[in-house]
Amino acid sequence: MKKLIITAQTLAITMGIMGTAYANPSWTGFYVGAMGGVAFNHIDLNAQQLGFSSLSQTYNANTNFSSFLPGMQFGYMYQFANNWVSGLEANITVNTDQTDTINYSAPYNNPGYDQFTLKEWYQTALKARLGRAISWDKGMLLPYVTTGVSFANVGLTYNNEGGNAYSIVTGK
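So, here's what we can say about the structure. (Residues numbered from 1 in each chain as written. Predicted model: local features only at pLDDT ≥ 70, side-chain atom pairs only at ≥ 80, totals over all residues. Heavy atoms only, no water.)

**Description of the packing of aromatic side chains**
According to the stated counting rule, one finds two aromatic pairs in the structure shown. Plain terms: the ring middles of Phe30 and Tyr76 are 4.6 Å apart, the flat faces sit at 50 degrees to each other, and that makes the pair tilted. With Phe30 in strand β2 (residues 29-48) and Tyr76 in strand β3 (residues 58-79), the pair connects residues that are 46 residues apart, well separated along the chain. For the pair Tyr78 and Phe80, a centre-to-centre distance of 4.8 Å together with 80 degrees between the ring planes defines the contact as edge-to-face. The partly exposed category is assigned to Tyr78, whose relative accessible area is 38%. When the ring centre of Tyr144 is taken as origin, the NZ or CZ atom of Arg129, which lies over that ring, is 4.3 Å away. (Phe/Tyr/Trp six-rings, centres within 6.5 Å; stacked < 30°, edge-to-face > 60°. Helix = DSSP H or I, 4+ residues; strand = E, 2+ residues; numbered from the N terminus. Buried < 20%, exposed > 50% of the residue type's maximum accessible area, 1.4 Å probe, protein only. Lys NZ or Arg CZ within 6 Å of the ring centre and 35° of its normal.)

**Topic: the nonpolar core**
Grouped together as the largest cluster of nonpolar side chains are seven residues: Trp27, Met77, Val85, Ala133, Met140, Leu142 and Tyr144. Of the residues forming this core, the biggest block, three residues, is contributed by strand β8 (residues 139-160). (Core = buried A, V, L, I, M, F, W, Y, C linked by side-chain atoms within 4.5 Å.)

**Comments concerning the side chain of Glu89**
With respect to the helices and strands, Glu89 occurs in strand β4 (residues 84-94). A distance of 2.7 Å separates polar atoms of two side chains, one belonging to Glu89 and the other to Tyr31. Of note is the side chain of Glu89, whose polar atom sits 2.9 Å from the side chain of Arg129. Those residues in contact with Glu89, other than ones at most four positions away along the chain, are Tyr31, Gln73, Phe74, Gly75, Ala125, Leu126, Lys127 and Arg129. (Polar contact = N/O pair within 3.5 Å; in protein donor to acceptor, adjacent residues only side chain to side chain. Contact = heavy atoms within 4.5 Å.)

**Overview of unusual backbone geometry**
A negative phi holds for most residues other than glycine; trans holds for most peptide bonds. Within the chain, Asn83 stands out as a residue other than glycine whose phi angle is a positive 75 degrees. Looking at the element boundaries, Asn83 is found in the loop between β3 and β4.

**Looking at the pattern of salt bridges**
A complete count under the given rule lists two salt bridges for this structure. Between Lys127 and Glu89 there is a salt bridge, with the nearest N and O atoms lying 3.3 Å from each other. Of this pair, Lys127 sits in strand β6 (residues 113-132) while Glu89 sits in strand β4, and the two are 38 residues apart along the sequence. Residue classification places Glu89 among the buried positions, given a relative accessible area of 7%. Close ionic contact of Arg129 with Glu89 constitutes a salt bridge, the shortest N to O distance being 2.9 Å. One end of the pair, Arg129, is in strand β6; the other, Glu89, is in strand β4, and 40 residues separate them in sequence. Take Arg129: its relative accessible area is 15%, and that puts it in the buried class. (Salt bridge = Lys/Arg side-chain N within 4 Å of Asp/Glu carboxyl O.)

Here's what the structure looks like:
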């Protein structure tokens, strides 16, 4: 099953300092770069099973985990004569802490347990941008808007003491 997430970003500002050796600086050209980010995740597990978790028959747990997301990006921008700039960009990030698991042992139903595992392997994005180049004697500024699509490879696995298991994986 593939999952498509459409994202829209509001105004972002990029600053590039162009040296005085350039008589006519321009944003036109290909680029490649490294990037990094941090993902903060929060998972809630709410289960209800007869006599499984407590006398009230409900179980609530949560976990928080974060991971570093290194990646790379590449793209092309073109500056028109009227200083409008448009471009396309692609990127990929890889999750360095790909798995988090919630385990629950049932005190009222030994040896019962539930185990949920969330995996996030990578994420890619394709974006288009449109902006207006602003130049002055010391540099250039490019305020722009961007929109695009993002694809993620994510999986959820469940297992219990009876061998009842299922998995959902997106992006494959």
